[in-house]
Structure formats: C-alpha cells, structure tokens
Amino acid sequence: MKTQGILYATALSILLTAGTAHAADSEQQFGPNPNLPEPQRGLLPNMTIPEPAPWGDAKPTVPDGYTITAIATDLKVPRHTLVLPNGDILVAEGKGGGKAPKKRPKDFIAGIIKSKGTTSVESGDRLTLLRDGDGDGTYEDRTVFADDLNAPYGLALVDNDLYVANQDALVRFDYEAGQRKASGPPDVVTPLPARINHHWTKALTASPDGEYLYVGIGSNSNITERGMEAEVDRAEIWEIDAETGAHRAYATGLRNPTALTFQPDTEQLWAVVNERDELGPNLVPDYLTRVQEGAFYGWPYSYWGQHVDPRVRPKNPQKVKSAIAPDYSLGSHHAPLGIAFSNQQVGGEFTDGVFVGEHGSWNRGDPVGYKVVFIPFENGEPAGDPVDFVTGFLDGDNKTRGRPVGVTVAPDGSVLVADDLTNAVWRVTRNDADGQAAEADQPDAAQSNESEDGSGAPA
C-alpha cells in the first residue's frame, strides 16, 4: 500500500504541473454547430478545481436592475428547489454516490481534485421547507418537511402528489397546500438504478398532464471503463407511469442528464447533459437539447451526433449511424446541473429563454462554468449565445465562492439558485419600476458555513 501511495502522489504531482501548462487556448464554442477540435489524449487529463474562498462582504453578481439575496444558509448540500402553489419553497438536500470503485490511478487522483470543490457538510438527506409569511422576501420560517431520504435530487408536484427522486428510488408523498411537514413516510413509485452509482443524481420532471414522470439516469462511468454490464438502464431518460410505476426508456445515449423540464408553450421535454471527459479541454461539449422520444444521443459510441469516440471497444457502427446531435452546445466541461424556462415576470431581456445552472469544470486547466447563464429563445428554439445572469462564484484569481446547481423560476419572476458549496439558496428579483428596490440585508453565508476547524472557508 505504501508503494501504491507513492505512485499516486507522484502521478498527482505530475498532473498538477501539467494541468495548467497544457490548457487549450481556443475559446469555448456555443450554439447548434460548435467547432469540435481533434481529441487530445494523454496519460493524465487536465484537472483543476478552483480553491474555495469565503464570500466575506461579497455576493454573486446579477445584471443591472436585479437584486440577489441569500434566502437560506446553513443548508446541508442543497441541490434543487420547488416552488409550491402557496409560495413555499422546498429544497432537496443531499449528496450520494461515493461508492464507485477506483479502477485506475487517475480515478484516485480525480477524486482528490474533485473533492477540493465540494462541501464538507454532511448530506442532509432531507427536504427543507422555506416560508415567507408576510411576503417581504425574507423566508423567516424554515422547517424540515421530510427526512431520512436517500440523496434526494429531483422534485415534482402533480396535484396532491409530491414526487422526489432519491438516488435509488422515485418516491411519492401526499401533499396539501400549506402543509409544513410530511404526514408520513413516502410510498415507492419505482426503484431506480443505484448499483455503483458513479453518476448518482436523478433528475426529475412531470409531464404537463401529470400522467408521466421523467427521470434522468446518468452512466456508471466516463466511457464504459467498468464494462457495458454496469451500464444497463443507464445513460437514459426514463418515462414512468405515475399511477403504476411502470417505466420505459424514453431516450438513450445521454451520458448524464442532470436536469429536465417541459417548455411551457410547446410542452416539449428539454434536458441539460454532462458529456464525457478526458478528450481535451474543448471536448466534449455539454449540451442543452429537446429530448426526442426514442432518440439515441451517442453515448458511449459517439459524441455530438456521429463523431466516433476512439476509446470505446467494441465499436458499434450501427449505433453511431443512429445517433442524433443535440440542439445547443453549452461549451465543454461547464457541468450544467440546472434548467428552468423563464416567464414574462422575470423581465428585461430574460423573458424568453432558459436559465442553466453551471456547476463548473474540473477536467480543464482553466476553469469554466461556475455561473448561471440565460439562453435566449425565438420561436421555441435557442437563438444566440449564453448571457451571464448570475456570476461572481468564480473570481479572477481562480477562487470559487459557490457552485450553482438547480435553478427555478417562480411565478412572480424571481429566480432561485441552489448553491451546494456555500450551502445556500439565492433569490434573484427584479427591481421595482423606479429602479429603487431596497437591497435586502445579505446573510453572511460564508460565516454561517464555517468548517469544523473554524477557518471560515466554504465547505
């Protein structure tokens, strides 16, 4: 074991040197037709996580005419939020996975690198309810709606049924408007693939008519290094009958579909997807796409349509031939984890389009992501480059103060952002017509999330 530790340490030293020396100079490409460079492969890929830093007196940056406030801090790894009919907000808190065996030295190294950008706070495994009783924008009432869950992630409400996608099962609670706490343990709608759980997050949305639930299930590897037997029922979006729990693969070949939603006007299902790593800093683009029923999106055999991944064995030309390209490139390694369509109440240039929460890269020498962007739409389709909406999580010194995950647009036009590094939920609101909206007091998120050693650094 000592020799193995020395080898890992040596490899890590080489990696940290190479991670910054070989960062690509080419700019990220966005939109429906990204420029795809030739794959870059080596002994070790670029791996860089910005150093966490406290917010201090700072907070995220939003466009002129908008205000951002932390409406909840001291959470336990917030992932996604759901606005309930009475205005209450549910927050899913938890982190899963962590049991995938490390088969290669670089898996061990990647684990060390990635851990630098994650919170040390213990998984909440719960739903927390936030209530603004007097409508002043301060969510003074906070209760645990349900606990003893298993890394809850996706949330959906259909009439009086509250659905939660744990890392191992889709479950259902009874819900009544105004309810502060679940009336009992949930019923299991259907188990979800949970063996190994390399990608453990289970994205969730409900069809507009409420008859079906859609769950995103990520792959069990980067590129099948654990064998295809580990990928059964993986890299798919499931369609689940809400009444019976019966399921089928609605779309396949999506490496890690991390967030799902339906477009309000068209009732079209959309997803954001994290693509594969270790082909260079500008491959492979993560993407936003409408999800076509029965479509195959390439993983593992190809990327961005029919660009063959040279690492996959055995090859499958027939599957490659059937692969379709996604709709919109978000750039490589941005790690989108949240998606929400806008509404007229958001206002300004942000009324027609979709917000995407970008958790941020690890597989690049120069970090990207770490923000919420807005993709403008025209005629129901993406139309233009991403526009920054919430930034400041990553500063000019490559230090990070937060990492966005889920994004939710409330009926009143406020935009909620779950931040699983600061362990907070941020709320972005449009200023009043005179542009004189008062700046709400900013809770000191960093101080309220001090590490156990009292250093004050975000977990």
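What comes next concerns the included structure. (Residues numbered from 1 in each chain as written. Predicted model: local features only at pLDDT ≥ 70, side-chain atom pairs only at ≥ 80, totals over all residues. Heavy atoms only, no water.)

**Thoughts on the side chain of Glu 93**
Link 1 in the chain: Structurally, the position occupied by Glu 93 is in strand β4 (residues 89–93).
Link 2 in the chain: Looking at Glu 93, its side chain comes within polar contact range of the main-chain nitrogen of Lys 76, at 2.7 Å.
Link 3 in the chain: For Glu 93, the residues in contact, after removing those within four places along its chain, are Leu 75, Lys 76, Val 77, Pro 78, Gly 124, Asp 125, Arg 126, Leu 127, Thr 128 and Pro 152. (Helix = DSSP H or I, 4+ residues; strand = E, 2+ residues; numbered from the N terminus. Polar contact = N/O pair within 3.5 Å; in protein donor to acceptor, adjacent residues only side chain to side chain. Contact = heavy atoms within 4.5 Å.)

**Thoughts on the nonpolar core**
Link 1 in the chain: By size, the foremost hydrophobic cluster in this structure holds 25 residues, and its most contacted members are Tyr 214, Ile 237, Leu 254, Leu 260, Leu 269 and Val 291.
Link 2 in the chain: The set of elements that each furnish at least two residues to this core consists of β14 (247–252), β15 (257–262) and β16 (269–273).
Link 3 in the chain: It is β16 that contributes the most residues to this core, 3 residues altogether.
Link 4 in the chain: Setting aside anything within four residues of it in sequence, one finds Leu 254 in contact with Ile 217, Ala 235, Glu 236, Ile 237, Val 273, Tyr 287 and Tyr 297.
Link 5 in the chain: Listed in part, the 24 residues of the second largest apolar core include Trp 55, Trp 362, Phe 389 and Trp 426. (Core = buried A, V, L, I, M, F, W, Y, C linked by side-chain atoms within 4.5 Å. Buried < 20%, exposed > 50% of the residue type's maximum accessible area, 1.4 Å probe, protein only.)

**Things to note about the environment of Gly 305**
Link 1 in the chain: If you trace the backbone, Gly 305 turns up in the loop between β18 (302–303) and β19 (307–308).
Link 2 in the chain: Residues Gly 305 and Ala 325 lie 20 residues apart in sequence; the distance between their C-alpha atoms is 3.9 Å.
Link 3 in the chain: Residues contacting Gly 305, with those up to four places away along its chain left out, are Ala 323, Ile 324, Ala 325 and Pro 326.

**Comments concerning the packing of aromatic side chains**
Link 1 in the chain: Considering all chains together, one arrives at 18 aromatic pairs under this definition.
Link 2 in the chain: Arranged with centres 5.5 Å apart and planes meeting at 65°, the rings of Tyr 214 and Phe 262 form a pair that is edge-to-face. With Tyr 214 in strand β12 (residues 212–217) and Phe 262 in strand β15, this pair connects stretches of sequence that are 48 residues apart.
Link 3 in the chain: Residue Tyr 214 is classed as buried on the basis of its relative accessible area of 6%.
Link 4 in the chain: Pairing Tyr 287 with Trp 304 gives two aromatic rings, centres 6.2 Å apart and planes at 85°, and the pair type is edge-to-face. Here Tyr 287, found in strand β17 (residues 285–290), pairs with Trp 304, found in the loop between β18 and β19; they are 17 residues apart in sequence, far enough to count as distant. In terms of burial, Tyr 287 and Trp 304 fall into one category: buried. (Phe/Tyr/Trp six-rings, centres within 6.5 Å; stacked < 30°, edge-to-face > 60°.)

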